[in-house]
Amino acid sequence: MRRVVITGLGPVAPNAIGAEEFHKAQLECRSGIGRITRFDPSPLRCQIAGEVKINPEEYIDKRELRRLDRFVQLALIAGELALKDSGLDLEKEDRTRIGTLVGSGIGGMETWETQSKVFHERGPDRLSPFFIPMIIANMASGQLAMRYGFMGPSSTSVTACTTGADAIGNAFRVVQLGEVEVMVTGGTEAVVTAMAMGGFDVMRALSTRNDEPTKASRPFSASRDGFVLSEGAAVIILEDYEHAKARGARIYAELVGFGRSADAYHITDPHPQGTGAALAMTGAMRDAKINPEQVGYINAHGTSTPVGDKAETLAIKKVFGDHAKKLAVSSTKSMIGHLLGAAGSIEAIASVQALVSGVLPPTINLTDPDPELDLDYVPNAPREQQVEYALSNSFAFGGMNATLAFKRV
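Calculation notes
Residues numbered from 1 in each chain as written. Predicted model: local features only at pLDDT ≥ 70, side-chain atom pairs only at ≥ 80, totals over all residues. Heavy atoms only, no water. Patch = residues over 30% accessible without salt bridge, like charges linked within 9 Å, V, L, I, M, F, W, Y side chains within 5 Å. Areas by Shrake-Rupley, 256 points an atom, 1.4 Å probe, with all protein chains shown as cover. Salt bridge = Lys/Arg side-chain N within 4 Å of Asp/Glu carboxyl O. Helix = DSSP H or I, 4+ residues; strand = E, 2+ residues; numbered from the N terminus. Buried < 20%, exposed > 50% of the residue type's maximum accessible area, 1.4 Å probe, protein only. Expected span 1.5 Å × (residues − 1). Contact = heavy atoms within 4.5 Å. Core = buried A, V, L, I, M, F, W, Y, C linked by side-chain atoms within 4.5 Å. Pairing = 2+ DSSP bridges. Phe/Tyr/Trp six-rings, centres within 6.5 Å; stacked < 30°, edge-to-face > 60°.

### So, a nonpolar patch on the surface
- A surface patch of nonpolar side chains, about 270 Å² in accessible area, is lined by Val 202, Met 203 and Phe 397.
- Note that Phe 397 resides in the loop between strand 14 (389–395) and strand 15 (400–408).
- Its relative accessible area of 31% is what places Phe 397 among the partly exposed residues.

If you want it as structure tokens, here you go:
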């Protein structure tokens, strides 16, 4: 099994674009949450979200944009940033040995909504011929492959909010097994739309702190009242260690473990004791061949929901025992909200940057800690602390769980 390292980072988040700016935003505790501007949210109980402030025309030709749903647009931008950051000279690379695996939990929701209106108001003949290619979830991977001529394996992951972590984990295996030298991988999501917001809103899953949007996502707080929906994308470059070393690449960190499990419990709620989450964390450490005491930081799934944060805390205690109180645990969703299918990949980037910089990202808005949740959540300010191993947790509707394990180099 080959060693796998991270050589490129491409975050497109509500609070920052690009690796350097994204890391700076975390250290500044910068929130990307605000009142929705992409449509009129006034009929909804939740009127806030994390929107990406970007002009796609700066990255993608205007004519091409009309044929791409926003989730693909964001993925292409993240991919470009990650490839540029990696320093890969594609003219010197064998593109049959580069693959793509970018997931999306929902796919082309915005296109689905607009084309549904066309269908009902103007008839089927007026639908766009690009309707189907624009909505299918694998198109982010496909478009990246076509844009750069990558002819290695091209696939996708669709596991709701575990998607981003699942995609990275699956790509990790492809490189480990020597099928390719490089995988372009991550997650993307663009569902800050009226219908998607309405669907989550009617479930009572979202925060309704509309008057204080930057304080609405408050993981582990007693006053947490639901998650904040966000859009965005994150692509990372996974590379065979020997290949990266041979080309003199800058190596951010090593990906050493991937664990996954199912709660087999409920369509939306996590297992109340965090059983499945515990299995995923244990699996990642077993895969990495490390002991719980070697882990210094966990980037938590930490959605700011009453049941989710409690279940994750219990899972961490179950897995780490006495060491749980010595762990630093934080949720970057406090600053950027929940990117659904892109959450696991943007949080993987945050975890890698914590290892590289020796500074842990905070959980902001933790002003009223829940007395039942008693771990070290790195409250309200970043912390200088060098750790050797970090875990990144992602959990999802349907009971899916995934954990990635990273090692400092």
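Anyway, onward from the coordinates.
### Notes on helix 10 (residues 275–288)
- A rise of 1.5 Å per residue sets the reference length of helix 10, with its 14 residues, at 20 Å; its end C-alpha atoms lie 20 Å apart and thus fit the reference within 8%.
- Within helix 10 the residues assigned to the buried category are Gly 276, Ala 277, Ala 278, Ala 280, Met 281, Gly 283, Ala 284, Met 285 and Ala 288.
- Contacts from the buried residues of helix 10 go to strand 9 (253–262), strand 10 (295–299), helix 11 (306–320), strand 14 and strand 15.
- Following helix 10 by one or two positions, Lys 289 adopts a phi angle in the positive range, close to 60 degrees.

### Considerations on helix 6 (residues 139–148)
- Within helix 6, eight of the ten residues are buried, which leaves the element mostly enclosed by the surrounding structure.
- Taken residue by residue, helix 6 has Met 139, Ala 140, Ser 141, Gly 142, Gln 143, Leu 144, Ala 145 and Tyr 148 as its buried positions.
- Packed against the buried residues of helix 6 are helix 2 (62–65), helix 3 (70–86), strand 5 (98–103), helix 5 (131–135), strand 6 (154–155) and strand 7 (182–189).

### Concerning unusual backbone geometry
- Phi is positive for Ala 264, close to 50 degrees, though the residue is something other than glycine.
- Its location among the elements puts Ala 264 in the loop between strand 9 and helix 10.
- Residue class for Ala 264 comes out exposed when judged on its relative accessible area of 76%.
- A positive phi angle is found at Asn 365, which is not glycine, with a value near 65 degrees.
- With respect to the helices and strands, the residue Asn 365 is situated in the loop between strand 12 (359–360) and strand 13 (383–384).

### Looking at the nonpolar core
- In terms of nonpolar packing, the biggest core is built from 47 residues, with Ile 6 and Leu 238 touching the most fellow members.
- Secondary structure elements with two or more residues in this core: strand 1 (4–13), helix 1 (19–27), helix 7 (163–176), strand 8 (232–240), strand 9, helix 12 (333–336), helix 13 (343–357) and strand 15.
- Discounting residues that sit within four places of it in the chain, Leu 238 has contacts with Val 4, Val 5, Ile 6, Ile 168, Ala 171, Phe 172, Val 175, Glu 181, Val 182, Met 183, Thr 185 and Leu 255.
- Core analysis: the second largest hydrophobic core is formed by 32 residues, Phe 71, Ile 77, Phe 150 and Val 184 among them.

### Some remarks on the side chain of Gln 47
- The residue Gln 47 is located in the loop between strand 3 (33–35) and strand 4 (48–50) in this model.
- For Gln 47, a relative accessible area of 15% puts it in the buried group.
- The residues touching Gln 47, leaving out its near neighbours within four places in the chain, are Gly 34, Arg 35, Ile 36, Pro 41, Ser 42 and Asn 210.

### Things to note about the pairing of strand 14
- In terms of burial, strand 14 is largely enclosed, as seven of its seven residues are buried.
- Side chains Tyr 389, Leu 391, Asn 393 and Phe 395 project from strand 14 onto one buried face, and the interleaved Ala 390, Ser 392 and Ser 394 project onto a second face that is buried too.
- With four bridges connecting them, strand 10 and strand 14 associate as parallel partners. Across the sheet, the residue bridging to Ile 298 is Leu 391, located in strand 14.
- Two strands pair when backbone bridges link them, and strand 14 and strand 15 are joined in this way by seven bridges, in the antiparallel orientation. Residue pairing across strands places Ser 394 opposite Ala 402, the latter belonging to strand 15.

### Some remarks on the packing of aromatic side chains
- One pass over the structure, following the stated rule, counts five aromatic pairs.
- Note on Tyr 148 and Phe 150: the rings are 5.5 Å apart at their centroids and 20 degrees apart in plane angle, and the pair reads as stacked. Neither residue differs from the other here; Tyr 148 and Phe 150 are each classed as buried.
- Between Phe 200 and Phe 227, the ring centres sit 5.6 Å apart and the planes meet at 80 degrees, which makes this aromatic pair edge-to-face. Note that Phe 200 is positioned in helix 8 (residues 194–202) and Phe 227 in the loop between helix 8 and strand 8, a separation of 27 residues in sequence. Each member of the pair, Phe 200 as well as Phe 227, carries the same accessibility label: buried.

### Section: the environment of Gly 199
- In this structure, Gly 199 sits in helix 8.
- Between the C-alpha atom of Gly 199 and that of Gly 186, which follows or precedes it by 13 residues, the distance is 25 Å.

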